[in-house]
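# Topology and contacts: notes
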Amino acid sequence: MEDELMMFSLEEVGSAKRPPEQRGGFNHRPSSLSESNASDDDYEDHFICPILDDSAKEICHYLKNAANARQLSSSLPKSHFKYRDLWKHAIEKAKAMPDPWAQFHMEKILTEPCVRYRYNAITGEWAQDQIHLKMAEQPFGKGAMRECFRTKKLSNFSHSSNWKSASNYVSKRYMETVDRNVYFEDVRLQMEAKLWGEEYNRHRPPKQVDIMQMCVIEMTDRPGKPLFHLEHYIEGKYIKYNSNSGFVRDENIRLTPQAFSHFSFERSAHQLIVVDIQGVGDLYTDPQIHTEQGTDFGDGNLGVRGMALFFHSHLCNRICKSMGLTPFDLSPAEKSQLNCTNKLLKSAQTVLRGHEEPCGSPRVRTMSGSRSHPMLSRLSETSSVDESDPDSVPCSPLAMACSPLAAHGFMGRSPLGFSFMGLGEHERVNNNNNNGENGESESGGDSGFPSERRSDGDPNDHVDGLTDEKWSFYHSSRAHVHRSSSVATEVERLDALLQKKIGQSILGKVHLAMVRYHEAGRFCEKDEQWDQESAMLHLERAALCGELEAIVAMGQCCLRLPHHILPDMELEDNAGNKMKGFKYLLLAAEAGDRSSMIIVARAFDTGINLSADRKQDWGEAIHWYESVLNMTDYDEGGEFDGTQDEPRYLLLARVAEMYQVGGCNLQADPQRAGDLFTEAAEAAMEAMKGRLANQYYNKAEEAWALMEE
């Protein structure tokens with residue numbers, strides 16, 4: 001037992017000395033997936049982290065003098081009598097701690113069998129087994145959506161039925177009827193968020209974070225077989241640090257929760273952000289993940305709108321800066337609103353240690369040949385992606401899209417559908433053969449998790465046959481995916497994509513969402529005027545990031561044309577704005593926006609809205625008119641769409657007129673003009689414009705007559 005407990009992070013032991021608001025409360029498990037088998041709970045059910053006495057200080061003393069836990073282990077081996085005595089004393093203190101639920105006499109409650117469903121975020125697979133527990137009849141607490149029941153659970157590794165020594169759990173169920181899949185989706189969300197906590201910890205922040213292990217239980221003996229969430233009971237002060245809709249706690253403000261959310265945004269290349277951070281100390285539960293599409297992880301996933309809400313209330317703190325996270329672009333007015341937060345941040349007590357690794361640092365990796373768990377470390381590391389292909393960026397720290405490795409056959413599937421390097425099917429089969437009756441590694445063999453994998457051959461031969469040479473090739477060929485929250489840096493990245501700039505920036509979508517929130521009055525009081533200048537700043541930032549809708553709106557706004565985004569905003573009528581507006585609309589036209597193509601064509605045709613650095617050019621105008629005409633003019637039903645502001649027959653007629661007259665860098669072509677007038681007449685007939693069609697037929701005859709002359 002002592003040997004098992006020595007696997008625990010010594011930082012956790014040191015944190016147990018802190019008051020409840022600064023520590024993880026009673027953390028009933030190893031601090032990370034890499035230190036435990038996520039599919040079993042032998043550690044969880046045998047260990048309660050108490051408030052230790054001075055004997056723990058000696059362990060912490062070694063921790064401070066070592067670069068990390070591995071160095072400590074080498075300087076003070078587990079076999080060392082002092083090391084073992086300290087741990088033995090800590091275990092005895094833990095066993096002597098009284099049960100906080102003793103007064104409720106849970107052992108007298110009826111024992112119920114149930115089926116437990118656990119999610120393995122590494123393989124994306126579900127496992128189930130049977131457990132026995134005792135659950136109170138009445139809830140002891142309620143939230144906005146769920147109620148909580150005191151629960152006792154016997155370990156599957158326990159050979160006795162001593163319920164007084166059973167671990168304390170909390171069972172949660174929705175008060176309103178929800179689809180059964182919601183319970184499973186919540187577990188998948190929390191386990192994915194746990195992996196992002198792992199990734200955050202690997203960058204050596206001042207305080208590590210962890211997210212509670214959670215599973216689904218099905219009460220098979222109850223009518224309807226109801227489902228519950230099951231997780232360990234945490235003793236301590238429960239605090240909600242931020243929400244999924246932009247709330248940030250002011251009193252007792254903490255640095256770590258906000259930095260963790262910001263980190264997940266940048267480290268995932270903007271594809272997600274972990275929010276709704278709540279729990280005891282830095283042991284969190286019930287988080288929420290916002291993704292780009294907003295279609296995964298339940299109704300709480302607000303997509304880019306949720307990301308915008310977070311950044312509107314987030315001011316980078318000391319941890320953000322030490323880890324190389326960049327501030328999100330905010331207007332001066334928005335920053336001034338966060339001045340109160342800035343003052344509160346100065347009162348936070350977290351002290352930087354000075355060796356935090358910047359987000360995306362190539363040094364954050366496990367060196368081959370070490371005794372750590374190489375597979376999990378590399379699964380959690382940033383994927384190697386082609387920066388010219390934004391679709392290849394992973395949405396999970398497990399996701400691997402490294403084409404060189406794929407060529408060597410080291411690819412599996414992640415739970416989110418992205419490729420990642422994981423266990424092969426044949427290896428999982430072999431692992432299952434070593435498992436116990438309930439699918440747990442009671443025999444001590446390989447469990448199928450990276451932390452439990454063993455190598456019986458050459459120590460340099462890693463899991464899945466990845467040798468030092470192959471790992472070296474893997475690291476040299478990968479690009480560390482880390483995208484800054486700054487628009488200036490994002491623009492540099494987009495410029496490198498050349499023709500792929502439009503619509504390829506999630507950051508641009510976040511800024512556009514910020515515009516919509518300002519316009520809707522979300523960030524102001526009910527009777528106050530919303531901040532138009534801030535909204536315009538975010539609209540411009542979204543346009544710089546290549547968001548087509550923002551580009552069109554900026555162009556129309558600068559040229560003082562009607563626009564549907566910020567319709568009441570008017571910019572000054574000057575040469576600078578005209579030049580900027582035409583540049584935006586030309587970019588939108590090149591991206592295929594029909595309305596922008598027509599405005600640009602009209603500008604080269606008539607000179608109206610043309611920037612001062614360009615001249616009237618009918619040849620250029622015809623290029624854009626024809627680009628519009630070559631676009632489909634039919635709706636999904638195949639019928640002609642006559643509701644367009646610039647119908648096809650008008651555009652054809654205008655091009656025909658220019659060919660008939662010639663000039664402005666265009667040579668006259670009566671034959672071409674007659675053909676186009678005829679085509680315009682046919683289009684007018686289709687649009688039920690018979691009188692106009694006759695006029696076009698007559699003009700066609702006039703153009704052909706000019707050709708004969």
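For the structure given in this document, a descriptive report is provided here. (Residues numbered from 1 in each chain as written. Predicted model: local features only at pLDDT ≥ 70, side-chain atom pairs only at ≥ 80, totals over all residues. Heavy atoms only, no water.)

As a further point, take the sheet that holds strand β11 (residues 278-280). Taking strand neighbours across the sheet as the criterion, the 4 strands line up as β6-β12-β11-β9 in an open arrangement whose pairing is mixed. This sheet does not close on itself; its edge strands, each paired only once, are β6 (210-211) and β9 (238-240). As paired elements, β6 and strand β12 (residues 283-284) share 2 bridges and run parallel to each other. Along β12, the bridge assignment pairs Asp 210 with Leu 283. (Pairing = 2+ DSSP bridges. Helix = DSSP H or I, 4+ residues; strand = E, 2+ residues; numbered from the N terminus.)

Using the criterion set out here, one finds 16 aromatic pairs in the structure. Aromatic side chains Tyr 517 and Phe 523 sit 5.8 Å apart centroid to centroid with 50° between the ring planes, which places their arrangement in the tilted category. Take Tyr 517 and Phe 523: they sit in the same class, and that class is buried. By way of ring pairs, the aromatic residues Tyr 200, Tyr 241, Phe 260, Phe 263 and Tyr 284 are connected into one cluster. Positioned above the aromatic ring of Trp 163 is the side chain of Lys 134, whose terminal nitrogen or guanidinium carbon lies 4.8 Å from the ring centre. A cation over an aromatic ring shows up here: Arg 654 above the ring of Trp 618, its NZ or CZ 5.4 Å from the ring centre. (Phe/Tyr/Trp six-rings, centres within 6.5 Å; stacked < 30°, edge-to-face > 60°. Buried < 20%, exposed > 50% of the residue type's maximum accessible area, 1.4 Å probe, protein only. Lys NZ or Arg CZ within 6 Å of the ring centre and 35° of its normal.)

Our next topic: the side chain of Glu 112. Tracing the sequence through the fold places Glu 112 in strand β1 (residues 112-120). Here Arg 222 takes part through its side chain, which lies 2.8 Å from a polar atom of the side chain of Glu 112. The residues contacting Glu 112, other than those within four sequence positions of it, are Ile 131, His 132, Leu 133, Met 135, Met 219 and Arg 222. (Polar contact = N/O pair within 3.5 Å; in protein donor to acceptor, adjacent residues only side chain to side chain. Contact = heavy atoms within 4.5 Å.)

This next bit is on the pairing of β1. If a strand is regular, its side chains alternate between the two faces of the sheet. In terms of burial, β1 is largely enclosed, as 9 of its 9 residues are buried. Direction of pairing for β1 relative to strand β2 (residues 125-135): antiparallel, over a ladder of 9 bridges. Bridge assignment links Tyr 119 to a residue of β2, and that residue is Trp 126. Between β1 and β2, which follow one another and run antiparallel, lie 4 residues, and Gly 124 among them has a positive phi close to 75°. With 3 bridges connecting them, β1 and strand β7 (residues 215-218) associate as antiparallel partners. Within β7, the position partnered with Tyr 117 by the bridge is Val 216.

Here we take up the pairing of strand β5 (residues 167-174). Counting buried positions along β5 gives 7 out of 8 residues, so the element sits mostly inside the fold. Examined bridge by bridge, β5 and strand β8 (residues 227-232) share 4 bridges and lie antiparallel to one another. Opposite Ser 171, over in β8, you have Leu 230 as the bridge partner.

Let's shift gears to the nonpolar core. Membership of the largest hydrophobic core comes to 41 residues, with the highest contact counts inside it found for Phe 582, Val 600, Phe 604, Trp 624, Tyr 625, Tyr 659 and Tyr 696. Sorting the residues of this core by element identifies α21 (575-590), α22 (594-606), α23 (618-629), α24 (648-661), α25 (670-686) and α26 (690-708) as the ones contributing at least two each. Per element, the largest residue contribution to this core is 8 residues, and it comes from α24. Look past the residues within four positions of Trp 624 in its chain and what remains in contact with it is Leu 586, Ala 589, Glu 590, Met 597, Val 600, Ala 601 and Phe 604. (Core = buried A, V, L, I, M, F, W, Y, C linked by side-chain atoms within 4.5 Å.)

Turning next to unusual backbone geometry. The phi angle at Ala 269 is positive, at roughly 60°, despite the residue not being glycine. Secondary-structure assignment places Ala 269 in the loop between α8 (256-267) and β10 (272-275). Residue classification places Ala 269 among the buried residues on the basis of a relative accessible area of 0%. Backbone geometry places Leu 566, a non-glycine residue, at a positive phi of 50°. Structurally, the position occupied by Leu 566 is in the loop between α20 (548-558) and α21.

Where helix α9 (residues 303-312) contacts helix α18 (residues 506-519), the axes come no closer than 8 Å and their chain directions differ by 75°. The angle between the axes of α9 and α18 places the two elements in the roughly perpendicular class. Facing Val 304, Arg 305, Met 307, Ala 308, Leu 309, Phe 311 and His 312 of α9, the residues of α18 in contact are Ile 506, Lys 509, Val 510, Ala 513, Met 514, Tyr 517 and His 518. By residue class, the composition of the contact of α9 with α18 is 10 nonpolar, 2 polar and 2 charged. (Axes fitted to C-alpha atoms, helices over the stretch in contact; angles between N-to-C directions. Parallel < 35°, antiparallel > 145°, perpendicular 65-115°, else oblique. Nonpolar A, V, L, I, M, F, W, Y, C, P; charged D, E, K, R; others polar.)

Compared with the 32 Å implied by 1.5 Å per residue over 22 residues, the 33 Å span of helix α7 (residues 180-201) between its first and last C-alpha is a close match. For α7, the tally of buried residues reaches 17 of 22 residues, placing the bulk of the element in the interior. Of the residues that open α7, the one with a side-chain oxygen 2.8 Å from the backbone nitrogen of Asn 181 is Asp 179. (Expected span 1.5 Å × (residues − 1).)

It is worth spelling out the packing of α18 against helix α19 (residues 532-544) at this point. Their axes nearest at 8 Å, the elements α18 and α19 cross at an angle of 155°. In terms of orientation, α18 lies roughly antiparallel with respect to α19. The two elements α18 and α19 meet at a crossing, and its hand is left-handed. Contacts from Gly 508, His 511, Leu 512, Met 514, Val 515 and His 518 in α18 reach Ser 534, Ala 535, His 538, Leu 539, Arg 541 and Ala 542 in α19. When the residues that make up the contact of α18 with α19 are grouped by side-chain class, the tally is 6 nonpolar, 5 polar and 1 charged. (Left-handed = near helix turned anticlockwise from the far one by under 90°.)

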